[in-house]
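Report on the structure
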Amino acid sequence: MRLFDISVPLSHNTPTYPGDPKFQIQQWLSLEKGDSANVSMLHFGAHTGTHIDAPAHFIHGAAKVDSVPLELLIGAAEVIEVPQDCLVIDENFVREHVRTGTKRVLFKTKNSEFWQNNLTTFQTDYTSLSNEAATLLAQLNVNLVGIDYLSIEEFQSENFETHLNLLSHDIVILEGLNLSNVDPGIYELICLPLKLAGGDGDGAPARAVLRQA
């Protein structure tokens, strides 16, 4: 059995989507200062690093992140490699590469190189998923769609139609993956987001792992 950690490390160098809070970690208590323990204080947005989007992210009154069933977040997932020169995963690509019956799809794109190269500024030329592709994924009854950068949506989208399409069909969006060291194929996905019960419930950071038999 082999495990692949496909989560992004969090530090002050971790890029965030423009307009989102920057990740901050501060010393709250310190053994060196005579305190009884080391305690860190974290400040970051719900969509920092590897994270899931819940329907409440874009749909008023929709399901919040603490109600996302674990059954959607754990189970067989297919890693599908996208050509390096592809900037938009379109309907045709999904039709040709996503097999009927697949429940969890993780798209490995050129985006993973951003993480591999430790780029600390947000990259606007990331590969995204088209709305038409999202429609087809919903028709195929996919439960979870993952991608290897901080948004599945085209940068500076005005209507966020891809997000709305997926989330309105209760498809979990898993963003901020690092699939650099993962070959295409079938794995077991284990994705455990923080169980945030307060706030708007729009999403939560997650530790995501692939297990290969």
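Quick look at the structure, then. (Residues numbered from 1 in each chain as written. Predicted model: local features only at pLDDT ≥ 70, side-chain atom pairs only at ≥ 80, totals over all residues. Heavy atoms only, no water.)

On to the side chain of Asp202. Secondary-structure assignment places Asp202 in the loop between β11 (185-193) and β12 (203-212). Notably, Asp202 is buried but unbridged: the nearest opposite-charge side chain belongs to Lys64, and the N-O separation is 8.5 Å. Of the polar contacts made by the side chain of Asp202, one reaches the side chain of His47; its length is 2.6 Å. (Helix = DSSP H or I, 4+ residues; strand = E, 2+ residues; numbered from the N terminus. Buried < 20%, exposed > 50% of the residue type's maximum accessible area, 1.4 Å probe, protein only. Lys, Arg positive; Asp, Glu negative; His and termini not counted. Salt bridge = Lys/Arg side-chain N within 4 Å of Asp/Glu carboxyl O. Polar contact = N/O pair within 3.5 Å; in protein donor to acceptor, adjacent residues only side chain to side chain.)

What follows is about the packing of aromatic side chains. Under the criterion given, the structure shown has 13 aromatic pairs. With 5.3 Å between their ring centres and 45 degrees between their planes, Trp115 and Tyr149 make a pair best called tilted. Here Trp115, found in helix α3 (residues 112-116), pairs with Tyr149, found in the loop between β9 (144-147) and α5 (161-168); they are 34 residues apart in sequence, far enough to count as distant. On the numbers, 5.9 Å between centres and 75 degrees between planes, the contact of Phe122 with Tyr126 is edge-to-face. Chaining the aromatic ring pairs together yields one cluster made of Tyr17, Phe114, Trp115, Phe122, Tyr126, Tyr149 and Phe155. (Phe/Tyr/Trp six-rings, centres within 6.5 Å; stacked < 30°, edge-to-face > 60°.)

The full count for this structure, using the stated rule, is 4 salt bridges. When the shortest N-O distance is used, the salt bridge between Asp5 and Arg207 registers 2.7 Å. One end of the pair, Asp5, is in strand β1 (residues 2-5); the other, Arg207, is in strand β12, and 202 residues separate them in sequence. Given a relative accessible area of 42%, Asp5 falls into the partly exposed group.

For the rest of this paragraph, the subject is a nonpolar patch on the surface. On the surface, a cluster of nonpolar side chains totalling about 300 Å² of accessible area is made up of Trp28, Val39 and Met41. Of note, Trp28 is situated in strand β2 (residues 24-29). Given a relative accessible area of 58%, Trp28 falls into the exposed group. (Patch = residues over 30% accessible without salt bridge, like charges linked within 9 Å, V, L, I, M, F, W, Y side chains within 5 Å. Areas by Shrake-Rupley, 256 points an atom, 1.4 Å probe, with all protein chains shown as cover.)

Once that is clear, we can look at the pairing of β12. In terms of residue burial, β12 counts as a mostly covered element, since 7 of its 10 residues are buried. Relative to β12, β1 runs antiparallel, the two sharing 4 bridges. Bridge assignment links Arg2 to a residue of β12, and that residue is Gln212. Bridge count between strand β4 (residues 51-53) and β12: 3 bridges; the pairing is antiparallel. Note on β12: the bridge partner recorded for His51 is Pro205. When β11 meets β12, the two strands line up antiparallel, connected through 6 bridges. Residue pairing in the sheet places Pro193 in a bridge with Ala206 of β12. (Pairing = 2+ DSSP bridges.)

Take the packing of helix α4 (residues 131-139) against α5 next. Between α4 and α5, the least distance of the axes is 8 Å, while the angle of their chain directions is 10 degrees. Overall, the two elements α4 and α5 adopt an arrangement that is roughly parallel. Note on element contacts: α5 touches α4 through Glu161, Thr162, Asn165 and Leu166, opposite Asn131, Ala134 and Thr135. Its residues assigned to classes, the contact of α4 with α5 comprises 2 nonpolar, 4 polar and 1 charged. (Axes fitted to C-alpha atoms, helices over the stretch in contact; angles between N-to-C directions. Parallel < 35°, antiparallel > 145°, perpendicular 65-115°, else oblique. Contact = heavy atoms within 4.5 Å. Nonpolar A, V, L, I, M, F, W, Y, C, P; charged D, E, K, R; others polar.)

Don't take any of this as a statement about function, it's just geometry.
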